[in-house]
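If you want the building blocks of each chain, they are given just below.
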Amino acid sequence: QIPPIIGQLQSRALQKDQALRALVDWQYSGEKSVWNIKSAFFEEQLIYDDSLTNIHSKSKARVAQTQLGWTTQLAPRWQLNTNAQYRLLWARSTAYPVIQYKNQLALFASLKWRANDLRTAVLSSSHALVDGYCSPFLPTLVCEGHLGKAWQCIGIYPRNSGLPNF
């Protein structure tokens, strides 16, 4: 039960929140590559009931997500990382008459070059399809260097410079 607010002598407000979360993570490590599969399910429910103010609200959201990743060592200084992810969001609330859905498929890739322990460069990209619409293809270049143990310099080519969609 929720205590009364300023201006109320009594309260009959009740709030019940519930959550369910589950995650499965599997990984296979080979000689030069690593495979990873993750699946998750989340459910959140919020129930608020106040008979004095006549507010009755019930919301529920579910998220199901699966991710497949592969990382491989191409050469002693080169590493490739790829990832595909699918997410389904389902939400229902007394505030909206229609159940809300969102489907998202996203692809990620990165190529890492390590000159030595002090200098690395990573070229990465991502592309997503959300409810049938493509997001811009977003490349990113990050260069990192260390000057001894105390100084670090990072240069980033910004992600907001998208290239045209396919």
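Quick notes on the rules
- Sequence positions are assigned chain by chain, starting from 1 and proceeding in written order.
- Residue-level local features of this predicted model are given only where pLDDT is at least 70; pairs of side-chain atoms are given and counted only at 80 or more, and the full residue set underlies all totals for whole chains, interfaces and linings.
- Calculation of side-chain values draws on the structure's entire complement of heavy atoms; hydrogens and water are dropped beforehand.
- Note on conventions: DSSP H or I runs of at least 4 residues are helices, E runs of at least 2 residues are strands, and numbering of each starts at the N terminus.
- Classification of residues uses two cut-offs on accessible area relative to the type maximum, computed with a 1.4 Å probe and protein chains only: under 20% is buried, over 50% is exposed, and between them is partly exposed.
- In what follows, residue pairs with any heavy atoms lying within 4.5 Å of each other are defined as contacts.
- Computed with a 1.4 Å probe, the accessible areas rest on the Shrake-Rupley method; for each residue, only the protein chains presented here act as cover.
- The pLDDT value expresses, per residue, how confident the predictor is, ranging between 0 and 100.
- Note that patches include only residues with greater than 30% relative accessible area and no salt bridge, and the join distances are 9 Å for like charges and 5 Å for nonpolar side chains (Val, Leu, Ile, Met, Phe, Trp, Tyr).
- The working definition used for a salt bridge is a side-chain nitrogen of Lys or Arg within 4 Å of a carboxyl oxygen of Asp or Glu.
- A pair of aromatic rings is counted whenever rings of Phe, Tyr or Trp (Trp by its six-membered ring) have centres within 6.5 Å, and the orientation is called stacked for planes under 30 degrees apart, edge-to-face for over 60 and tilted otherwise.
- Pairing between strands is defined by DSSP: at least two bridges between the two strands are required.

1. With respect to the overall build of the protein chain
Part 1 of the argument: In terms of regular secondary structure, the protein chain is built from 0 helices and 9 strands.
Part 2 of the argument: When the 166 residues of the protein chain are sorted by exposure, 18% land in the buried category.
Part 3 of the argument: Partitioning the contacts of the protein chain with sequence separation of at least 6, the portion at a separation of at least 24 is 40%.
Part 4 of the argument: By element, 61% of the accessible surface of the protein chain is carried by carbon and sulfur atoms, the whole surface being about 12200 Å².

2. Considerations on the confidence of the model for the protein chain
Part 1 of the argument: Summary statistics for the protein chain give a mean pLDDT of 85 and a share of 89% for residues scoring 70 or more.
Part 2 of the argument: Taken element by element, the predicted model of the protein chain shows its lowest mean pLDDT in strand β9 (residues 151-157) (80) and its highest in strand β4 (residues 78-93) (94).
Part 3 of the argument: Predicted confidence is poor over residues 161-166, with pLDDT under 50, and the contacts of this stretch with residues over four places away or in other chains come to 15 contacts.

3. Considerations on a nonpolar patch on the surface
Part 1 of the argument: Among the surface-exposed residues, L74, W78, L111, W113, L123, L141 and Y157 lie close enough to one another that they form a single nonpolar patch of about 630 Å² accessible area.
Part 2 of the argument: In this structure, L141 sits in strand β8 (residues 138-147).
Part 3 of the argument: With a relative accessible area of 35%, L141 lands in the partly exposed category.

4. Some points on unusual backbone geometry
Part 1 of the argument: In this structure, D131 is a non-glycine residue whose phi angle is positive, near 50 degrees.
Part 2 of the argument: Along the chain, the position of D131 falls in the loop between β6 (119-130) and β7 (133-134).

5. Observations regarding the packing of aromatic side chains
Part 1 of the argument: Tallied over the full model, the rule gives 2 aromatic pairs.
Part 2 of the argument: Measuring from ring centre to ring centre gives 6.4 Å for W78 and W113, while their planes differ by 40 degrees; the resulting arrangement is tilted. With W78 in strand β4 and W113 in strand β5 (residues 96-114), the pair connects residues that are 35 residues apart, well separated along the chain.
Part 3 of the argument: The class of W113 is partly exposed, set by a relative accessible area of 30%.

6. Considering the pairing of β4
Part 1 of the argument: With 16 bridges connecting them, strand β3 (residues 55-75) and β4 associate as antiparallel partners. Bridge pairing links G69 to N83 in β4.
Part 2 of the argument: Between β3 and the antiparallel strand that follows it, β4, lie 2 residues.
Part 3 of the argument: Bridge count for β4 against β5 is 15 bridges, and the pairing is antiparallel. Bridging from a neighbouring strand, L89 pairs with K102 of β5.
Part 4 of the argument: The antiparallel hairpin formed by β4 and β5 contains 2 residues in its connecting segment.

7. Quick notes on the environment of W70
Part 1 of the argument: By secondary structure assignment, the location of W70 is in strand β3.
Part 2 of the argument: Residue contacts for W70: discarding those within four places in its chain leaves S33, V34, W35, L80, N81 and T82.

8. Side note on the pattern of salt bridges
Part 1 of the argument: Here the structure, examined in full by the defined rule, presents 2 salt bridges.
Part 2 of the argument: Between R21 and E44 there is a salt bridge, with its nearest N and O atoms 2.5 Å apart. Note that R21 is positioned in strand β1 (residues 14-29) and E44 in strand β2 (residues 33-50), a separation of 23 residues in sequence.
Part 3 of the argument: Judged by relative accessible area, R21 falls into the exposed class, the value being 57%.

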